[in-house]
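# Notes for the structure review
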Amino acid sequence: MGKLFRLMTAVLALQIVLAAGGFTLESPDLSQRLSPAQVYNGYGCRGKNISPELRWHGEPKGTKSFAVTMFDPDAPRKGGWWHWLVFNIPSGCHRLPRGAGDPQKGMLPDGAVQSMNDFGEKGYGGACPPRGHGLHRYIVTVYALDVAKLALDAGTPPAEVAAMIEKHTLAKASITSRYGR
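Bear in mind the structure is a predicted one, so any value in this text is a computation, not a measurement. (Residues numbered from 1 in each chain as written. Predicted model: local features only at pLDDT ≥ 70, side-chain atom pairs only at ≥ 80, totals over all residues. Heavy atoms only, no water.)

## Section: the pairing of strand β9 (residues 136–145)
For clarity, the threshold we go by: Working definition: with a 1.4 Å probe on protein chains only, accessible area under 20% of the residue-type maximum means buried, over 50% means exposed, and in between means partly exposed. Helical segments are the DSSP runs of H or I of at least four residues, strand segments are the runs of E of at least two, and each set is numbered from the N terminus. Here, strands pair whenever DSSP counts at least two bridges between them.
With eight of ten residues buried, β9 lies mostly within the body of the structure. With seven bridges joining them, strand β5 (residues 65–72) and β9 adopt antiparallel strand pairing. Paired with T69 across the two strands is T141, which belongs to β9. Both β9 and strand β10 (residues 169–179) contribute to a ladder of ten bridges, which runs antiparallel. Following the sheet pairing, L145 is matched in β10 by T169.

## Let's talk about helix α2 (residues 158–167)
For clarity, the cut-off: Our arc is simply the arc of the directions from the helix axis toward the C-beta atoms. Pairs of residues are marked as contacts when any of their non-hydrogen atoms sit within 4.5 Å.
Along α2, the positions that sit buried rather than exposed are P158, V161, A162 and I165. In a view along the axis of α2, the buried residues occupy a sector of 100 degrees, so they form one face of it. Seen from the open side of α2, the exposed residues pointing more than 90 degrees away from its buried face are A159 and K167. Considering only its buried residues, α2 is in contact with β5, β6 (81–90), β9 and β10.

## Some words on the sheet that holds strand β1 (residues 24–26)
Read from one edge of the open sheet, three strands run β1-β4-β7, paired in antiparallel fashion. Two strands in the sheet have a free side with no partner beyond their single neighbour: β1 and β7 (95–96). Where strand β4 (residues 54–57) meets β7, two bridges bridge the pair, whose relative direction is antiparallel. When the bridges of β7 are listed, L54 appears paired with L96.

## Focus: the state of the cysteines
Each disulfide consists of a covalent bond between the sulfur atoms of two cysteine residues. Put simply, the rule is: The term disulfide is used for any two cysteine sulfur atoms that are within 2.5 Å.
According to the stated counting rule, one finds one disulfide in the structure shown. Here C45 engages in a disulfide with C128; their sulfurs sit 2.1 Å apart. Measuring the twist about the S-S bond at about 95 degrees, one finds the C45-C128 disulfide to be right-handed. Residue C45 is found in strand β3 (residues 45–46), and its partner C128 is found in the loop between β8 (113–114) and β9; the two are separated by 83 residues along the sequence. A relative accessible area of 3% means that C45 is categorised as buried. Here C128 falls in the buried class, since its relative accessible area comes to 15%.

Next up, the structure:
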């Protein structure tokens, strides 16, 4: 009885670890430092403002949709800076192509919504920290959500979108890159 109990406990613990740790985000475009492709083009920054390609897998059971964000917690304002918020990504989608953050290109899956970022624009707004402010962290996160649709639209303020995403998160996976000027 003792060996069987220990075996069952070990299997259950492994299942919990796999369920919690199996959700993964990958990107061929992101590394330790952002490239000029992911840097904003404006406010004194001269990048290409292209959102990175993202791929994810291993979401938990019960995932009904996904959301993707890019956030700078080091921005010199209370609450950080939201660079990109996409939600209502269908549960069957496991990839956003490079450049999907440009609303003019129509590269998001049907039903997905890009809301306002802190630049006051819909879609992706790349890194653009203040000069001399040091390296900032840019955290790109994919969220597995417990609802098929968030009852929000493209004009919803970034902090409100982020709060609703967190409220419905089953799991999340992130990649952190840095950039400074």
